[in-house]
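# Secondary and tertiary structure notes
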Amino acid sequence: MIEEQIEVVKKNIAAACERSGRNFKDVSLIAVSKTKPNEILMEAYNSGIRLFGENYVQELMDKMETLPSDIEWHMIGHLQRNKVKYIVGRVSMIHSVDSVRLAEEISKESIKKNVITDILLEINVALEANKFGFTVEETYGAVLKISKMKGIRVRGLMTSAPNVEKAEENRDYFRKLKQLCVDINEKNIDNISMDTLSMGMTNDYSVAIEEGATFVRVGTAIFGARNYMNNRR
Ligand SMILES: *Cc1c(COP(=O)(O)O)cnc(C)c1O
């Protein structure tokens, strides 16, 4: 079942690339596996998935310990500063850097472990009250500050667009994030060259790709609905 669903998602990705004149290999699919058990992740793995996205540090660590070592783990959920030490050096990217203080902590921990951590800044493009992230206006200032930190490399921007009826309603937000990325690159800040846009989830990944996404984070369309019985978002 999961194999077929992955095929459907990949076809949709290819179609969106085709429509927008983009190259299929420039869009990477991250399978968002939060709340799903290891057996289910292994089904996706056996269908060729190597990029997994997780939201909770403890769950991420448990899964990393047991699942194959060639998986690239992406931290996409809100990250508390006191948990940074558990994932630096172990995840391939942290998508959800939503404050300068969090970046500072990641920098400190990366220096300590002698690694460079790839991060994205999470932007609350739609200014939703229940979401984390920098506003569009705050982003340039944050990038300037973070660009001076060692052990950290800002690869680009990430957003979670609103939960809307029609994906089309989010197009402007995706376009805005892309433009923000272009604008910041044009300022030629030392140590900053952003090539990554993490945007698009089950409901809107096709539109996000048309607007320039390089990572799409897809959960439900691959694994089915999540069960939030245990008090999780
Ligand atoms: C859960 C989650 C996703 C996946 O959402 P779906 O709608 O199930 O595809 C993507 N990004 C983030 C940040 C998430 O928390």
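### Quick look at the overall build of the protein
Looking only at helices and strands, the protein has nine helices and eight strands in total. Computed over C-alpha atoms, the radius of gyration of the protein comes to 17 Å, within 12% of the 17 Å expected from 2.2 N^0.38 for 233 residues, which places it in the range of a compact globule. C-alpha atoms of the protein, sized along the principal axes, occupy 45 × 40 × 35 Å. By the burial criterion, 49% of the 233 residues in the protein qualify as buried. Pairs at least 24 residues apart make up 59% of the contacts formed inside the protein by residues separated by at least 6 positions. Summed over its atoms, the accessible surface of the protein is roughly 11600 Å², and 47% of this surface lies on carbon and sulfur atoms. Across the protein, the mean location of the 33 positive side-chain charges is 4 Å away from that of the 33 negative side-chain charges.

### Quick word on the site of the ligand
Not every one of the 13 residues close to the ligand is listed here, only the nearest: Lys34, Asn55, Thr202, Gly219 and Thr220. Separating an oxygen atom of the ligand from a side-chain N or O atom of arginine 226 is a distance of 2.8 Å. The fraction of the free accessible surface of the ligand (390 Å²) that becomes covered by protein chains is 89%. Looking at the shell around the ligand residue by residue, the class counts come to five nonpolar, five polar and three charged.

### Some remarks on the environment of arginine 50
Among the secondary structure elements, arginine 50 is positioned in the loop between helix H2 (38-46) and strand E2 (51-54). For the pair formed by arginine 50 and glutamate 165, sequence separation is 115 residues and the distance between their alpha carbons is 30 Å. With residues up to four places along the chain from it excluded, the contact list for arginine 50 reads Tyr45, Asp70, Ile71 and Glu72.

### Some words on H2
When we look at burial in H2, the residues that qualify are Leu41, Ala44 and Tyr45. All buried residues of H2 fall inside an arc of 105° around its axis, so they share one side. Set apart from the buried face of H2 by more than 90 degrees, the exposed residues are Glu39 and Asn46. Close packing links the buried residues of H2 with helix H1 (2-19), E2, helix H3 (57-66), strand E3 (72-75) and helix H9 (220-223). Looking at the residues trailing H2, positive phi occurs at glycine 48, about 105°.

### Description of the pattern of salt bridges
The final tally for this structure, using the stated rule, is 16 salt bridges. One continuous salt-bridge network, built from bridges that share partners, spans Arg19, Glu168, Arg171, Arg175, Glu210 and Glu211.

### Comments concerning helix H7 (residues 171-186)
Spacing of three or four residues puts side chains on the same side of an α-helix, whose turn is 3.6 residues. Spanning 16 residues, H7 covers 23 Å between terminal C-alpha atoms, matching the ideal 22 Å at 1.5 Å per step. The set of residues buried in H7 consists of Arg171, Phe174, Leu177, Leu180, Cys181 and Ile184. Phi turns positive one or two residues past the end of H7, at asparagine 188, with a value near 50°.

### So, empty space enclosed by the protein
Under the defined criterion, the tally for this structure stands at one cavity of 30 Å³ or more. The space that makes up the largest cavity amounts to roughly 40 Å³. Considering the residues around the largest cavity, the lining is formed by Ile146, Ser147, Met149, Ile152, Arg153, Val154, Asn191 and Ile192. Put simply, the parts of the chain that give the lining of the largest cavity at least two residues each are helix H6 (136-147) and strand E6 (152-158). Ranked by residues supplied to the lining of the largest cavity, first place goes to E6 with three residues. Classifying every residue of the lining of the largest cavity gives five nonpolar, two polar and one charged.

Reading guide: rules and limits
- Residues numbered from 1 in each chain as written.
- Predicted model: local features only at pLDDT ≥ 70, side-chain atom pairs only at ≥ 80, totals over all residues.
- Heavy atoms only, no water.
- Helix = DSSP H or I, 4+ residues; strand = E, 2+ residues; numbered from the N terminus.
- Rg over C-alpha atoms; globule rule 2.2 N^0.38 Å.
- Buried < 20%, exposed > 50% of the residue type's maximum accessible area, 1.4 Å probe, protein only.
- Contact = heavy atoms within 4.5 Å.
- Areas by Shrake-Rupley, 256 points an atom, 1.4 Å probe, with all protein chains shown as cover.
- Lys, Arg positive; Asp, Glu negative; His and termini not counted.
- Charge placed at Lys NZ, Arg CZ, Asp CG, Glu CD.
- Near = heavy atom within 4 Å.
- Polar contact = N/O pair within 3.5 Å; in protein donor to acceptor, adjacent residues only side chain to side chain.
- Nonpolar A, V, L, I, M, F, W, Y, C, P; charged D, E, K, R; others polar.
- Arc of directions from axis to C-beta.
- Salt bridge = Lys/Arg side-chain N within 4 Å of Asp/Glu carboxyl O.
- Expected span 1.5 Å × (residues − 1).
- 1 Å grid on protein atoms, 1.4 Å probe; cavity = no way out; pocket = protein on both sides within 12 Å on 5 of 7 lines; lining within 4 Å.
- Points joined across faces, edges and corners; volume = space filled by probe spheres on them.

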